[in-house]
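The lines below spell out each chain.
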Amino acid sequence: MTDYYEILGVEKSATKEEIKSAFRRKARTLHPDVNKAPDAEEKFKELGKAYETLMDDNKRSTYDRFGEDGLKNAGFNTSGPFDGGFGDLNDIFNAFFGGFGGGFGFGGRPDPNAPQPGEDLRTDVEITFEEAVFGVTKEVKFEHLETCPDCGGTGAEKGSKPVTCPTCGGAGQVQTVARTPLGSFTQISPCPDCHGTGQKISNPCKKCKGYGKIEVEKKIEIKIPAGVDSHSKIRVSGEGDAGTNGGRAGDLFVVLHVKPSEYFTRDGIDVYTKLEISPAQAALGDEIVIKTLNGEQKVQVYAGIQNGNTIKIKGAGVPVISRPSQRGDHIIVVTVKIPTKLTEEERSLYRRLYELKNDRKPQDSLMDKVKGVFK
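The rules behind the values
- Residues numbered from 1 in each chain as written.
- Predicted model: local features only at pLDDT ≥ 70, side-chain atom pairs only at ≥ 80, totals over all residues.
- Heavy atoms only, no water.
- Helix = DSSP H or I, 4+ residues; strand = E, 2+ residues; numbered from the N terminus.
- Buried < 20%, exposed > 50% of the residue type's maximum accessible area, 1.4 Å probe, protein only.
- Areas by Shrake-Rupley, 256 points an atom, 1.4 Å probe, with all protein chains shown as cover.
- Phe/Tyr/Trp six-rings, centres within 6.5 Å; stacked < 30°, edge-to-face > 60°.
- Axes fitted to C-alpha atoms, helices over the stretch in contact; angles between N-to-C directions.
- Parallel < 35°, antiparallel > 145°, perpendicular 65-115°, else oblique.
- Contact = heavy atoms within 4.5 Å.
- Nonpolar A, V, L, I, M, F, W, Y, C, P; charged D, E, K, R; others polar.
- Pairing = 2+ DSSP bridges.
- Salt bridge = Lys/Arg side-chain N within 4 Å of Asp/Glu carboxyl O.
- pLDDT = per-residue confidence, 0-100.
- Core = buried A, V, L, I, M, F, W, Y, C linked by side-chain atoms within 4.5 Å.
- Disulfide = S-S within 2.5 Å.

Draft legend 1. Expanded view of the overall build of the chain. If you tally the helices and strands in the chain, you get 9 helices and 17 strands. Classification of the 375 residues of the chain by burial places 33% in the buried group. Summing over all exposed atoms, the chain offers an accessible surface of approximately 23,500 Å²; the carbon and sulfur share of this is 49%.

This is the structure we're talking about:
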């Protein structure tokens, strides 16, 4: 049987504050974004179910007397708050401990003037096949939001500062009462005048027009490591949009797009090329110069090679990103090209070869058939 107290790691006599603290502590270690164990998601859902039950006096009383089955028989919803999924851990904490009650019966709300991180940004960069293999330094141009240098992010003109919102008195939220035949209901919502900040700007900064941030075009150089492939992402910390109220800036994600090579084909860390040879080269073998990622190189075509066979050059492929000294292989796929047009000399040589291989003339087979018809 499921023991909600054991899941939270508290005694049966635990207070609500102790249960809250236990939930915070366990949630930080069990959230699937943090914990990659295969059963982390299920354990996190169980943690939410235990928390929701023990924080509700009626549910807790029923659970203490009759257990989980008793909750179901009493008509309580036992699916838990995360049955439909869950989001970022900070969002969960805000909903449980800082929102407008969060649906769980707690007071308080998040501080709208607390530091908030900036948004992450994305930019796309195209590179050549060879640049992806060997790495390259690229200049990246993008636009992001920076803290306004004139007002320092406050949004107020120099020499002034935000004032307390007269509508909500600085609370950032307003309360309305709706009367219905079923009784009066109180609704709390963000203040429409200050949008929940509790402050208004009477003299907006001219440079940012009261926003506190300005859009700036920026150029930076990024080092693209050897071995990247299309859709690889490079994270550049602190180059996203500026944060609010002194919060950290977001990050810039550079998404790479590798142009196809006309000569090489890539599969993981291996590269493939095609090599056409003549029947004579296939039969006798040959030494051929081919193009590799490291430049031109001689390869030995062994005698008797068949159409579709491969020749491997070890360590001439794409570097492993985490271990650049380790590389894949260059695999050469051989195609034996049969000639469609022959000179008289070539035809004579092929005929002679046919005679040697079959111990008869090429036309003997046909002539034998003709003679058989007229016997």
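We are not done yet, so read on.
Draft legend 2. Representation of the packing of aromatic side chains within the structure. Per the counting criterion, the structure on display carries 5 aromatic pairs. Between Phe129 and Phe264 the ring centres are 5.9 Å apart and the planes differ by 5°, which places this aromatic pair in the stacked class. Remark: Phe264 occurs in the loop between β9 (252-258) and β10 (265-267) and Phe129 occurs in helix α6 (residues 129-134); sequence separation between them is 135 residues. Each member of the pair, Phe129 as well as Phe264, carries the same accessibility label: buried. Ring geometry for Tyr263 and Phe264: centres 4.8 Å apart, planes at 90°, overall edge-to-face.

Draft legend 3. Seen up close, the packing of helix α3 (residues 40-55) against helix α4 (residues 57-73). α4 packs onto α3 with a crossing angle of 130° between their chain directions and a minimal axis gap of 6 Å. Taken together, the axes of α3 and α4 are oblique relative to one another. Note on element contacts: α4 touches α3 through Asp57, Lys59, Arg60, Tyr63, Glu68 and Leu71, opposite Lys49, Glu52, Thr53, Leu54 and Met55. Of the residues in the contact of α3 with α4, the class split is 4 nonpolar, 1 polar and 6 charged.

Draft legend 4. Representation of the sheet that holds strand β11 (residues 270-277). Taken together, 4 strands build an open sheet; the order of strands is β10-β11-β17-β14 and the sheet is mixed. Edge positions in the sheet fall to β10 and β14 (310-313), since each has one partner strand and no second. The mean angle between the axes of side-by-side strands here comes to 30°, regardless of whether they run parallel or antiparallel. Of the pairings in the sheet, the one linking β14 to strand β17 (residues 330-336) comprises 4 bridges and is antiparallel in character.

Draft legend 5. Region of interest: the pattern of salt bridges. All chains considered together, the criterion is met by 17 salt bridges. For Lys337, the salt bridge is made with Glu276, and the minimal N-O distance between the two is 4.0 Å. On the criterion of sequence distance, the pair formed by Lys337 in the loop between β17 and α8 (344-358) and Glu276 in strand β11 is long-range, its members being 61 residues apart. The burial state of Lys337 is the same as that of Glu276; both residues are exposed. The structure contains a network of salt bridges with shared partners spanning Glu46, Lys49 and Glu68.

Draft legend 6. Representation of the confidence of the model for the chain within the structure. Confidence in the prediction of the chain, expressed as mean pLDDT, is 83, and 84% of residues score 70 or more. The low-confidence segment residues 98-108, where pLDDT is below 50, has 26 contacts with residues more than four positions distant or belonging to other chains. This model gives residues 369-375 a pLDDT under 50, and the stretch forms 0 contacts once residues within four places in sequence are excluded.

Draft legend 7. Expanded view of the nonpolar core. Counting 18 residues, the largest nonpolar core has Leu8, Val10, Ile19 and Leu54 as its most contacted members. Those elements giving two or more residues to this core turn out to be α1 (4-8), α2 (16-30), α3 and α4. Sorting elements by how many residues they give to this core places α3 first, with 6 residues. Residue contacts for Val10: discarding those within four places in its chain leaves Tyr5, Glu18, Ile19 and Ala22. Counting residues in each nonpolar core, the second largest holds 16 residues, with Val125, Ile222, Ile234 and Val254 among its members.

Draft legend 8. Local environment of unusual backbone geometry. Positive phi is not limited to glycine here, since Lys209 has a value of about 60°. Along the polypeptide, Lys209 turns up in the loop between β6 (199-200) and β7 (213-224). Taking relative accessible area as the criterion, Lys209 reaches 70% and is therefore assigned exposed. Positive phi, close to 55°, is recorded for Asn245, a residue that is not glycine.

Draft legend 9. Inspection of the pairing of β17 at higher detail. For β17, the tally of buried residues reaches 5 of 7 residues, placing the bulk of the element in the interior. In this sheet, β17 lies alongside β11 in parallel orientation, the contact comprising 7 bridges. What sits directly across from Thr273, in β17, is Ile332.

Draft legend 10. Inspection of the state of the cysteines at higher detail. One pass over the full model with this rule turns up 0 disulfides. The cysteine Cys168 is free of any disulfide, with Cys194 supplying the nearest cysteine sulfur at 3.7 Å. Here Cys168 falls in the buried class, since its relative accessible area comes to 12%. Considering cysteine sulfurs only, Cys191 is the nearest to Cys194, which forms no disulfide, with 3.7 Å between them. Exposure remark for Cys194: the relative accessible area of 4% places this residue in the buried category.

Draft legend 11. Spotlight on the side chain of Lys59. Note on placement: Lys59 falls in helix α4. Residue Lys59 is classed as buried on the basis of its relative accessible area, which comes to 11%. Filtering out sequence-adjacent residues up to four positions away, Lys59 remains in contact with Glu52, Thr53, Leu71, Phe76 and Asn77.

Draft legend 12. The arrangement of the sheet that holds β9 in detail. Across the sheet, which stays open at both edges, the 3 strands sit in the order β1-β9-β8 with mixed pairing between neighbours. Two strands lie at the open edges of the sheet, namely β1 (121-127) and β8 (233-236), each paired on one side alone. Looking at each pair of strands side by side, their axes are set apart by 25° on average, direction ignored. Pairing between β8 and β9: 4 bridges, direction antiparallel. In the sheet register, Lys233 faces β9, and the bridge partner there is Val255.

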